[in-house]
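Observations on the three-dimensional arrangement
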Amino acid sequence: MLDDMFDYIANIRERPVWQPIPDVVREQFRRDLPREGSDLDHVYRTFTDFIAPYATGNVHPGFMGWVHGGGSAVGMLAEMLAAGLNANLGGRDHIPIEVERQIVKWTRQMFGFPAGASGLFVTGTSMANLMAVLVARTAALGKPMRQRGIGDHGAALTAYTSRAAHGCIAKAMEIAGLGSDALRCIEVYRSHRIDIAALRQQIARDCELGLKPFLVVGSAGTVDIGAIDDLRAVAAICREQQLWFHVDGAFGALGILSPVLAPRLDGIEQADSIALDFHKWGQVPYDAGFLLVRDGERHRDAFAAPAAYLRRETRGLAAGAEWPCDLGPDLSRGFRALKTWFTLKTYGTEKLGAIIARSCELATYLKARVLAEPRLELLAPVNLNIVCFRYRAGDADRVNREIVVSLHESGIAAPSTTVLDGRLAIRAAIVNHRTDVCDIDALIAAVLEFGARRAEDPGRRVAAGAAI
Ligand SMILES: Cc1ncc(COP(=O)(O)O)c(C=O)c1O
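Remember, predicted model here, so these are calculated numbers, not experimental data.

Details of the packing of helix 6 (residues 125-141) against helix 9 (residues 168-175)
- Running from N to C, helix 6 and helix 9 cross one another at 45°; their axes reach a closest spacing of 9 Å. Between helix 6 and helix 9, the angle is such that the two are oblique. By crossing handedness, the relation of helix 6 to helix 9 is classed as right-handed. Contact residues: Ser126, Asn129, Leu130 and Val133 in helix 6; Cys168, Ile169, Ala172, Met173 and Ile175 in helix 9.
- Along the lines of polarity and charge, the residues of the contact of helix 6 with helix 9 split into seven nonpolar, two polar and no charged.

Written as structure tokens, this is what we have:
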């Protein structure tokens, strides 16, 4: 299995990025509960024949959709070791917890956070952002809120982010019981950075109305085009108004590892909390989200809960005053820290920073190719590693949507789409360390080929499940 997986990763270019899933393959996974066991060889054959060929494709250098990391063989080996140890990182006194604490320390160092800062692994930034909202909410309302609920004071809380922020922040407000109406989505400049003056005005307006502003979420890399808010200016407003300053740095925060990009994140070191994913630009296999909180006390206030069956001792396996379960909703937790530790130790932050900078250079190359090609149109500034463009055509939204479906089904490349100023864009986010110039060239060539075909063929439409 291990040899096969090394070959799979080493020869990934020979495979399609993604391929449509035949019914017969889906059928394999709609069977009844297995009452009797099967031979492991047989089970493994089902994996090689029916699972591996139909995976998402983000290991492939041609994968450029959404924001997916490529992982590495080193991370894969660490996952195998972690599964062998089968450690539960909810708490107790064992070295896997120290490995996670090591990553907390390293993450503090990356962002210049103080020694009292706390952190922990979570599934992804959606969860880390939710937890940050919960920590900020408890800080605003006081710890007794955990028993009493948010009450009238909680109903008056308002939070702020930009219109370009990720949808998981509104979802976090809903889950936190504050409601997404209480999230003010502030206008952005053309660069997709939050309009600082508009942010100030909205906070002032809400204060006049008797509402209680409590949180601003800055973006370090917006999902659509990779814009980084003016984090220093946001930090200053939060300091003046005594608001919690959270940064959604899902992919962009790790730009701090590149000396070229780090200055663009100026101000992130002042955040009260940062959410980020090691599974994106950190090249760690899924999943490895992370939350860092400046004031560990505030973090514990939101989640720590005593229980007789979780009593801490001074010696023995139940020793160790602070357990990760004090810092989040999970009690059972896997050893996500190991694959991150292996990745950071094996490659070092300089190399990871260079990989991050290189993906931005590739985005600049893609931008140049788009600008040099009269049949293509650039739809947004290229801030980091994301390029939004489209094929010029009448009925361009339809044509470009069909181009992207054709790209996926051809297996050549897998960008995604987004809508910018009402116009559908082909969106290529370069995250994978395996992506190279040849993959960008292949994307452009295929867009031009499919574009010419789709533009000439207005009668055909993308139908669910229909090959085009
Ligand atoms: C800016 C931003 N925030 C949040 C998220 C959600 O992160 P996750 O998918 O790890 O939950 C993403 C995902 O791409 C993102 O780009």
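Overview of the side chain of Thr125
- Take Thr125: it is sitting in helix 6.
- Those residues within four positions of Thr125 in sequence are excluded, and the remaining contacts are Asp248, Ala250, Ala275, Leu276 and Asp277.

Remarks on the site of the ligand
- Taken together, 14 residues lie around the ligand, and Thr125, Ser126, Asp248, Asp277 and Lys280 are the ones closest in.
- Side-chain polar atom of Lys280 to an oxygen atom of the ligand: 3.1 Å apart, as the coordinates give it.
- Out of a free accessible area of 390 Å², the ligand has 84% covered by protein chains.
- Assessed atom by atom at 2 Å from the grid points, the ligand resides in the second largest pocket.
- Classifying every residue of the shell around the ligand by side-chain character gives five nonpolar, six polar and three charged.

Topic: the pairing of strand 10 (residues 416-420)
- Judged by which residues are buried, strand 10 turns out to be one-sided: Ser416, Thr418 and Leu420 face inward and are buried, whereas Thr417 and Val419, on the alternate face, are not.
- Sheet analysis places strand 10 next to strand 11 (residues 423-429), joined by five bridges and oriented antiparallel. Within strand 11, the residue paired with Val419 across the bridge is Leu424.

Thresholds applied
Residues numbered from 1 in each chain as written. Predicted model: local features only at pLDDT ≥ 70, side-chain atom pairs only at ≥ 80, totals over all residues. Heavy atoms only, no water. Axes fitted to C-alpha atoms, helices over the stretch in contact; angles between N-to-C directions. Helix = DSSP H or I, 4+ residues; strand = E, 2+ residues; numbered from the N terminus. Parallel < 35°, antiparallel > 145°, perpendicular 65-115°, else oblique. Left-handed = near helix turned anticlockwise from the far one by under 90°. Contact = heavy atoms within 4.5 Å. Nonpolar A, V, L, I, M, F, W, Y, C, P; charged D, E, K, R; others polar. Near = heavy atom within 4 Å. Polar contact = N/O pair within 3.5 Å; in protein donor to acceptor, adjacent residues only side chain to side chain. Areas by Shrake-Rupley, 256 points an atom, 1.4 Å probe, with all protein chains shown as cover. 1 Å grid on protein atoms, 1.4 Å probe; cavity = no way out; pocket = protein on both sides within 12 Å on 5 of 7 lines; lining within 4 Å. Sits in = over half its atoms within 2 Å of the grid points. Buried < 20%, exposed > 50% of the residue type's maximum accessible area, 1.4 Å probe, protein only. Pairing = 2+ DSSP bridges.

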